[in-house]
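Results of the structural survey
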Amino acid sequence: MAARRDATLNLASLLRRAPGSVDDADADGELSPIDELLDANGLRLGAPLSWSLHVSNTGGEDDFVVSGDVSGTALLECRRCLTDVPTQVDSSFIYPMVYRPGGADELEMIEDDEQDELLVFSQPEVDFAAFLTQVFAIDLPLTVLCKEDCRGLSVDGVDLNEYPDHVPGDQHDERRSPFDALKDIDL
Ligand SMILES: [Zn+2]
């Protein structure tokens, strides 16, 4: 399956209270979010995101629930040595969603009166790309390590995993203080 820039689901069949209307809609796919979306979420990806969505009518005219999951591999910097660490993240979610025709074109996240998060859509065609990218980004770990015992960088920026014996400044013998010699004198 080719990765797409959007994650659009047509909910028209859920909206009509007519013969043939259904209670559920499902979709899944692969998403390569546009750069603006990645930047807005401070996200770098190693591969497209995999997602699935399930939208169901909760019985009311315009009330729905959307659930699903989004997973993928983000590139995060090791907090000690700053190399990229591919980090697998699997997020699942469930949100109430309402249909409000005449509103914004894009799917919006708002807070209802009880300050619960609520998704609002105003067109039958809903692009979930921004929402899925955001859900994924929220579940990223705050920090990662490339390995448990990463030695990190020296104060002068050398990767101590590669050069474990590096001592900052030891390649600049001519800059050693003349007082260093005093350390060797046993007072
Ligand atoms: Zn590291």
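This section reports on the structure supplied with the text. Owing to the predicted nature of the structure, the values given are computational and were not obtained by experimental measurement.

The next subject is the overall build of the chain. If you tally the helices and strands in the chain, you get three helices and eight strands. Evaluated residue by residue, the chain yields a buried proportion of 33% over its 187 residues. Approximately 11800 Å² of the chain is accessible, and the part contributed by carbon and sulfur atoms is 48%.

Here we come to the coordination of the zinc ion. Coordination of the zinc ion by the protein comes from Cys78 (SG), Cys81 (SG), Cys146 (SG) and Cys150 (SG), over a distance range of 2.3 to 2.4 Å. Around the zinc ion, the four donor atoms are arranged such that angles at the metal cover 105 to 115 degrees; this shape is classified as tetrahedral. Donor residues binding the zinc ion come from one chain and are separated in sequence as C-x2-C-x64-C-x3-C. The class for Cys150 is buried, based on a relative accessible area of 5%.

With respect to the helices and strands, Gly157 occurs in the segment after α3 (129-138). Classification of Gly157 by relative accessible area gives partly exposed; the value is 47%.

In this sheet, strand β5 (residues 84-99) lies alongside strand β4 (residues 63-77) in antiparallel orientation, the contact comprising 15 bridges. Bridge pairing links Val70 to Ser91 in β5. Two successive antiparallel strands, β4 and β5, enclose a turn made up of six residues, where Leu82 displays a positive phi of approximately 70 degrees. Bridge count between β5 and strand β7 (residues 117-121): three bridges; the pairing is parallel. Its bridge partner being in β7, Val98 is matched across the sheet by Val120.

This next bit is on the nonpolar core. Ranked by size, the top nonpolar core spans 42 residues in total, and within it Met97, Phe128 and Leu132 carry the most contacts. Counting residues per element, the ones that place at least two in this core are α1 (12-15), β2 (24-31), α2 (35-40), β3 (49-57), β4, β5, β7 and α3.

All right, on to the pattern of salt bridges then. Inspection of the entire model under this criterion finds two salt bridges. The shortest N-O distance in the salt bridge between Arg4 and Asp6 comes to 2.8 Å. Overall, Arg4 belongs to the partly exposed group, its relative accessible area being 46%. A relative accessible area of 22% means that Asp6 is categorised as partly exposed. Between Asp84 and Arg44 there is a salt bridge, and its shortest N-O distance comes to 2.7 Å. Of the two residues, Asp84 sits in strand β5 while Arg44 sits in the loop between α2 and β3, which places them 40 residues apart along the sequence.

Following the sequence through the fold, Asp159 ends up in the segment after α3. Lys147 provides the closest opposite charge to the buried, unpaired Asp159, separated from it by 7.1 Å. With sequence-adjacent residues up to four places away left out, Asp159 is seen in contact with Cys81, Thr83, Gly152 and Leu153.

Non-glycine residue Leu82 carries a positive phi angle of around 70 degrees. At Gln115, a position not held by glycine, the phi torsion is positive, near 65 degrees. Following the sequence through the fold, Gln115 ends up in the loop between β6 (108-111) and β7. In this structure Gln115 comes out as exposed when scored by relative accessible area, which is 60%.

Estimated volume of the largest pocket: approximately 340 Å³. If you list the elements that add at least two residues to the lining of the largest pocket, you get β6, β8 (125-127) and α3. Looking at the lining of the largest pocket, the element that brings in the most residues is α3, giving four residues. Among the residues making up the lining of the largest pocket, the classes are represented as nine nonpolar, two polar and seven charged.

Criteria and cut-off values
Residues numbered from 1 in each chain as written. Predicted model: local features only at pLDDT ≥ 70, side-chain atom pairs only at ≥ 80, totals over all residues. Heavy atoms only, no water. Helix = DSSP H or I, 4+ residues; strand = E, 2+ residues; numbered from the N terminus. Buried < 20%, exposed > 50% of the residue type's maximum accessible area, 1.4 Å probe, protein only. Areas by Shrake-Rupley, 256 points an atom, 1.4 Å probe, with all protein chains shown as cover. Donors = N, O, S within 2.8 Å, 3.2 Å for Na, K, Ca; no water. Tetrahedral: all angles 85-135°; square planar, octahedral: opposite > 155°, others 65-115°. Pairing = 2+ DSSP bridges. Core = buried A, V, L, I, M, F, W, Y, C linked by side-chain atoms within 4.5 Å. Salt bridge = Lys/Arg side-chain N within 4 Å of Asp/Glu carboxyl O. Lys, Arg positive; Asp, Glu negative; His and termini not counted. Contact = heavy atoms within 4.5 Å. 1 Å grid on protein atoms, 1.4 Å probe; cavity = no way out; pocket = protein on both sides within 12 Å on 5 of 7 lines; lining within 4 Å. Points joined across faces, edges and corners; volume = space filled by probe spheres on them. Nonpolar A, V, L, I, M, F, W, Y, C, P; charged D, E, K, R; others polar.

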